[in-house]
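Listed below are the residues making up each chain.
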Amino acid sequence: MRLELQKRAQVSTLFSILSPLLALALTLVVGGIMFWALGKSPTGALYTFFVEPLLDVWSLHELVIKAAPLILIAVGLAICYRSNNWNIGAEGQFTIGAITGSILPVLYPEWHSPMILPLMLVMGMIGGALYAGIPAFLKIRCNTNEILTSLMLVYIAQLFLDWLVRGPWRDPQGYNFPQTKSFQVEAVLPEVLDSGRAHMGIVFTLLAAVLLWFMMRFMLKGFQVSVLGQSARAGRFAGFSAKNMVWFSMLLSGALAGLAGISEVSGSIGHLQPTISPGYGFTAIIVAFLGRLNPLGIVASGFVLALTYLGGEAAQLSIGISDKVSRVFQGLILFFVLSCDTLIHYRIRLIFNPSAATAEAKN
Amino acid sequence: MTVSEGPEAKPLLSIRGLTKFFGSFAACDSIDLDIGHGEIHALLGENGAGKSTLVKMLFGVLEPSAGSISWDGAPVTIASPGEARQRGIGMVFQHFSLFEALTVAENIALSLDARIPLAKIAEETATVSKAYGLPLDPSAHVADLSVGERQRIEIVRALLQNPKLIILDEPTSVLTPQEAERLFETLMRLKAEGRSVLYISHRLEEVRRICDRATVLRHGKVTGACDPKRETPASLARMMVGTEVAEVKREGLADTGEVLVEMKDVSVAPRTPFSVSLKDVSLKVRAGEVLAIAGVAGNGQSELFDALSGEYPIADEGRIRLRGRAVGRLGINGRRLVGAGFVPEERHGHAAVPGLPLSDNLLLARSRSDKKAFLSGGFLSVLRRDAIQSAARRICSVMDVRKSGEDPAAGSLSGGNLQKFIVGRELDRQPSVLVINQPTWGVDAGAASRIRQALIDLAKAGSAVIVISQDLDEIFEIATTIAVISDGKLSAPYPAGDLSMEQIGLLMGGIHESHFGGEARYAS
């Protein structure tokens, strides 16, 4: 006896709706088993992890702070992935964006002008875009695989930041801590509401999500993205340039990751330090797929993944398990979402006669 | 010719009620078929009629959903191709499974018992190939062989297992007429030895010539069993298609207008290790002319299409002219703006994106040429969905595209209906030049005749049409002028009436005009 996947004649609407819920349920079940294996009460731990963070105003603000960079990066990545360009290095573009965006407040701490913040944001976007331009250039000129090059550039960016804040950019009055001077007031992103820390980053994020949704749905550019992503040959027939699409999608996703980087540093950290991201750039890949590469879906999935970060912190504080557990949950969610999505296109069949079944899958 | 035994005299293979479901779709629906000893049995049917599904069940590649197979009188189940071979069923697939980097003998060894030494296989290969009139050099590398020779390897490979039944799937679709002739001789020899052949084809003439009996399939059901020699091509076609196929009307074609397309000594280096280079290709097509370019697949047809369409522009601006304008370095959209339309060979993933709806696939070819109608919002280029959708509806009704739903995904249409849409998408613009590669490849007869008629009508209206095709019947049906492409070289054009099948065959094999005198007409 064996399991076999059989292609459905039509996409199942039932499973399109059911799949994310099924994935969430499976994640909770497996997560519960994990907590039980760790010797904790599964229900209590799951409650701490997924429900408690939603009960306080301050933690809702934290949720927004965590969700904003995830969503902002993920909508850019979604355009990339839709066009069949695989930018895995958003974490690096996030880091470089944070660095280039911080040039002004770090080097000119005495400059007090309302111009400084917009300039920082623009420079952050340019930095991120240029950094994503490296794998784009290599892909076009040398036919290298952008998955590898963009990923390797992440580590270069992180080590570069590390060197900067320990070396040339270290705050002389900072008691030898590896961090820059705190940014002047004009260089800090203002808060959105008086009730908490959530800053303007979420506004950029939602704006970007809506604009990209509009582009994908109503503009020729979005049409080019989906055509070239599904068939480069058909794109050539349409007269669309695959090379330009590599540039467009990589620079766009790099710029948004850079914007997320400088927003995070300016809005919630206030200075540069060796670690400025709990892996937003990588988690955003999960967010993008969880949101089905649709900018509005990504807004929803970004909040779900942000919750796993908060839950991890809460679990560490109140039940005393490592916050690595949030990574476990992120992995579980992605795994179950991808596998449950299979059910949209395939049905599962049990085969009791093994010899004849092999060839059937080919057809 | 031996008289074939009737099915009563204990047939070699007998199937009853054989059915195969894919999901809820019956690809084969309770099929009955008998093949006698020493009989060449034709399996006729259009694309998608269920022929391939049926033989895959016979060869153990697919498991039947219902029904029974008896072999030599005893009921059997054939669970794998290995088991089929053991019982004495050999199969020559339409798409060869050969390793190009290996020699003939090595390729054959791969399908045999691993313990047989290679030298012995080479020796047997030579013997068998000589005995059946299939000349083959066992030590030649497959990469150096023609398609016809490659097919011989497959046949010899099947023969070495001493089969009682050989299944041939569309064997002549890749052969020149002369190569096909040779194949028929081999089949006759097999038949004389008492072996049976199941011959799958949609070419009626050859079925009438060589087959003793025919079973016709339509939509997965048997619609007729007959002696093809007593039928006419028209009556066989009726069984295959179910209705009378409209004959293409070509009165009033006159290729006397001004030159609309011109290529002058265009050479293109191969882009990949697997593509063919174009060598000094020249052609001229006038208004009202249908130039058909014949040739065996893989002789530079797609490279010629790429150069004409501008998907891969050439280096020299002046060597390609459309309506008098030098366009060599212009991309495909630039050439569309000059008034040309293009239909590539591959429907899925080249002419259309299967996952996108028809309206999007309309936009695919016309986002630039119909910018005013389909886009708004200036540099934002916002799509005017209503305009695009109504144009798609117009095309579907003009070309009689049958579809499920208002704007279904292109991939959900049958080959014929999608091709009608793709051709209609270009005709809708009234292009003054149309270049179309394999217009009716894998398309049902009804759709094919409709598309051919549309091409002729376009030429009558004063456009220049270039048809690249492997289908000689099609070429004779619609062409006013014929040229042949072979190994990237294009022959001189000949008026369609002056060329016989045989001459085309010679040209397809790469033997050029010098061999049959000064008949060539250089259209200048």
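Residue positions are counted from 1 within each chain, in the order its sequence is given. Each chain gets a letter, beginning with A, and each ligand a number, beginning with 1, in the order they are written. Local features in this predicted model are restricted to residues whose pLDDT is 70 or higher, and side-chain atom pairs enter the listing and the counts only when it is 80 or higher, whereas totals over whole chains, interfaces and linings include all residues. Side-chain measures were taken over the full set of non-hydrogen atoms in the model, leaving aside hydrogen atoms and water.

A.B. asks: Break down the environment of L159 of chain B for me, citing the residues and quoting the values.
C.D. replies: All names here are of chain B. With respect to the secondary-structure elements, L159 resides in helix α5 (residues 147-160). Exposure categories follow from relative accessible area, calculated using a 1.4 Å probe and restricted to protein chains: below 20% of the type maximum is buried, above 50% is exposed, and the middle band is partly exposed. Residue classification places L159 among the buried residues on the basis of a relative accessible area of 6%. In sequence terms L159 and M91 are 68 residues apart; their C-alpha atoms lie 9.4 Å from each other. Should any heavy atoms of two residues lie within 4.5 Å, those residues are counted as being in contact. Here L159 is in contact with V128, Y132, L134, I166 and L190, once residues within four sequence places are set aside. Note on conventions: DSSP H or I runs of at least 4 residues are helices, E runs of at least 2 residues are strands, and numbering of each starts at the N terminus.

A.B. asks: Any chance you could break down the interface of chain B and chain A for me, citing the residues and the numbers?
C.D. replies: Each side of the interface is counted separately: chain B has 36 residues, and chain A has 23 residues. Across the chain B to chain A interface the summed buried area is about 2500 Å²; carbon plus sulfur atoms make up 59%. When a carboxyl oxygen of Asp or Glu is within 4 Å of a side-chain nitrogen of Lys or Arg, the pair counts as a salt bridge. Remark: the boundary between chain B and chain A carries two salt bridges. Polar contacts, as counted here, are pairs of nitrogen or oxygen atoms within 3.5 Å of one another; within protein the pair requires one atom able to donate a hydrogen and one able to accept it, and residues that are adjacent in sequence qualify only if both atoms are side-chain atoms. Applying the counting criterion to the chain B and chain A interface returns 11 residue pairs in polar contact (both at pLDDT 80 or more). Those elements giving two or more residues to the side of chain B that touches chain A turn out to be β1 (13-22), α10 (332-338), α11 (358-366), β18 (382-383) and α14 (415-427) of chain B. Among the elements that line the side of chain B that touches chain A, the one with the most residues is α11 of chain B, at four residues. As a working definition, buried area equals the accessible area (1.4 Å probe) given up by two parts on being put together, with both sides summed.

A.B. asks: Explain the domain arrangement of chain B to me, using residue names and the numbers behind them.
C.D. replies: Residue and element names in this part refer to chain B. Note that domain bounds follow an automatic or database assignment of domains. Assigned domains of chain B: these are domain 1 (13-241) and domain 2 (259-519). Once you take the C-alpha centre of each, domain 1 and domain 2 turn out to be 33 Å apart. Between domain 1 and domain 2 we count zero salt bridges in total. The interface formed by domain 1 and domain 2 holds one residue pair in polar contact (both at pLDDT 80 or more) in total. As a working rule, the residues Ala, Val, Leu, Ile, Met, Phe, Trp, Tyr, Cys and Pro are called nonpolar, Asp, Glu, Lys and Arg charged, and the rest polar, with Gly in that last group. Taken together, the residues that form the side of domain 1 that touches domain 2 break down as three nonpolar, four polar and one charged.

A.B. asks: Pulling in residues and values, what's your account of the packing of helix α4 (residues 90-101) of chain A against helix α6 (residues 116-142) of chain A?
C.D. replies: Residues and elements named next belong to chain A. Note on geometry: axes are C-alpha line fits, over the in-contact stretch for helices, and angles between N-to-C directions span 0 to 180 degrees. Relative to each other, α4 and α6 sit at 140°, their axes nearing to 7 Å. Of the possible angle classes, the one that applies to α4 and α6 is oblique. The interaxial crossing formed by α4 with α6 has right-handed handedness. Within the contact between the two elements, α4 uses G92, Q93, I96, G97, T100 and G101 and α6 uses M120, M123, G124, G127, G128, Y131 and A132. Within the contact of α4 with α6, the residues separate by chemical class into five nonpolar, eight polar and no charged. Angle categories: roughly parallel below 35 degrees, roughly antiparallel above 145, roughly perpendicular from 65 to 115, and oblique for all the rest. In this scheme the handedness of a crossing depends on how the near helix is turned from the far one: anticlockwise by less than a right angle means left-handed, clockwise means right-handed.

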